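# A look at the structure
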Amino acid sequence: MVLLAFDAGLLALFVSFGFMVGVFFGFFGMGGSFLVTPVLLLLGYPAPVAIGSSMAFVFGTAVIATLKHHDVGQVDYTLGALMFVGIALGIELGKRLVFGLEALGYAEIVVGTSYVLLLAVIGLLFTRNALQDDRRSDTAGQSDDDAGTDDIPDIAKVIKSYNIPPMVTLTDGSRASLWTISGVGGGVGVVSGFLGVGGGFIRMPAIHYVIGVPIAAAVGTSLFGALMSGAVGAFTYGLSGAIDFGVVTALLVGSALGARIGSAATVYIDEDDVTIYFGIMLLLASVAVGLGELAAWFEVALLDTLSLVLLLGAAVFVTGIILAYALAGVRADAAYS
């Protein structure tokens with residue numbers, strides 16, 4: 001399929017969706033590319049093509065967003081590079097699983113079901129943590145000494161307390177075991193290759209909660225990891241002819257602007273303010289993909305339509321929240337200047 005073969009409605013859908021995904025990618029360092037595969041599956045694309053096209057899109061969007069975060073020094077390139085080997089091996093394993101399931105005729109149902117479960121679990125995690133952070137902020141203020149360590153979660157402090165050599169010094173001056181870094185990379189790679197995502201909605205939390213990188217650097221480093229995993233995934237799926245470049249081009253047209261806006265918005269918005277909305281979007285996405293699976297099982301076209309509307313509606317909602325917060329921040333800056 002080539003881009004010119006799209007009708008106007010489908011072209012507008014992919015460009016608009018690409019813009020929203022770009023905003024998520026630039027703002028959260030995650031949370032957008034994982035929506036591309038389910039949308040393509042709902043539109044009737046075979047699982048390998050949906051996944052391969054998503055991986056190619058991840059690569060293009062990650063390049064744009066990583067450059068923006070590089071400008072403000074929020075990328076730990078050493079950590080990202082060390083994760084590369086695990087990511088590459090994991091993606092290859094994930095790809096082999098997909099093509100094996102495709103040969104058996106189970107790829108669509110297994111990938112779809114995996115999405116439902118994974119989105120639900122991550123969505124619940126984000127929503128719970130956001131609510132807990134809100135409750136903490138409503139309690140008595142913390143001392144200056146405590147505030148200085150807030151960027152590192154307690155679980156990461158425990159993991160980092162086990163000095164299993166070889167140890168690696170991170171950009172922020174802390175140290176982490178190479179085994180921990182490799183494990184995170186390998187796990188994210190399998191998810192990326194199997195589900196056709198950059199893995200950011202797992203990679204960024206893993207970098208922050210497991211490796212113990214402060215949130216701002218975790219976002220930028222996650223984007224750099226997405227760049228690498230997207231490149232490897234696009235290459236491996238491209239060798240199998242499983243990429244629709246028309247879809248990828250349309251998505252990238254929209255995401256080029258969205259990623260720049262999302263990255264710039266991090267200057268004006270406290271991420272905690274919108275994290276809860278992101279968690280809710282993941283939960284809605286889980287329901288949407290679940291409805292799509294039920295539509296395929298029971299051949300109910302209405303469920304398929306409802307699934308697509310819910311998935312896109314959730315993305316529109318969170319994009320609107322981010323843009324509204326960013327616009328308010330810009331106006332506030334203008335008022336002070």
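Residues numbered from 1 in each chain as written. Predicted model: local features only at pLDDT ≥ 70, side-chain atom pairs only at ≥ 80, totals over all residues. Heavy atoms only, no water.

## Description of helix α11 (residues 245–265)
- Over its 21 residues, α11 extends 29 Å from the first C-alpha to the last, a length consistent with the 30 Å expected when each residue adds 1.5 Å.
- Where α11 bends most, the angle comes to about 35°, and this point is S255.
- Of the positions making up α11, those classed as buried are G246, V247, V248, A250, L251, G254, S255, G258, A259, G262, S263 and A265.
- By the N-cap criterion, in which a side-chain oxygen at the helix start approaches the backbone nitrogen of a residue two or three places on, α11 is capped by D244, the distance to G246 being 3.0 Å. (Helix = DSSP H or I, 4+ residues; strand = E, 2+ residues; numbered from the N terminus. Expected span 1.5 Å × (residues − 1). Bend = angle between axes of the 7 residues up to and from the residue. Buried < 20%, exposed > 50% of the residue type's maximum accessible area, 1.4 Å probe, protein only. Polar contact = N/O pair within 3.5 Å; in protein donor to acceptor, adjacent residues only side chain to side chain.)

## Regarding the side chain of K95
- Counting through the fold element by element, K95 comes out in helix α4 (residues 77–104).
- Beyond its immediate chain neighbours, meaning those up to four positions away, K95 contacts G193, T236, Y237 and S240. (Contact = heavy atoms within 4.5 Å.)

## Examining the packing of helix α3 (residues 47–71) against α4
- Closest axis-to-axis distance for the α3/α4 pair is 11 Å, and the angle between their directions is 165°. Considering the angle they form, α3 stands roughly antiparallel to α4. The chirality of how α3 crosses α4 is right-handed. In this structure, α3 uses A47, P48, I51, M55, T66 and H70 to contact α4, whose residues at the interface are Y77, I91, V98, F99 and E102. (Axes fitted to C-alpha atoms, helices over the stretch in contact; angles between N-to-C directions. Parallel < 35°, antiparallel > 145°, perpendicular 65-115°, else oblique. Left-handed = near helix turned anticlockwise from the far one by under 90°.)

## A closer look at the environment of G212
- Looking at the element boundaries, G212 is found in the loop between α9 (200–211) and α10 (215–239).
- The buried category is assigned to G212, whose relative accessible area is 0%.
- Sequence-wise, G212 and R175 are 37 residues apart; in three dimensions their C-alpha atoms are separated by 9.0 Å.
- In this structure G212 touches I152, A156, K160, D172 and I207, once residues within four positions along its chain are discounted.

Just geometry here; none of it tells us what the structure is for.
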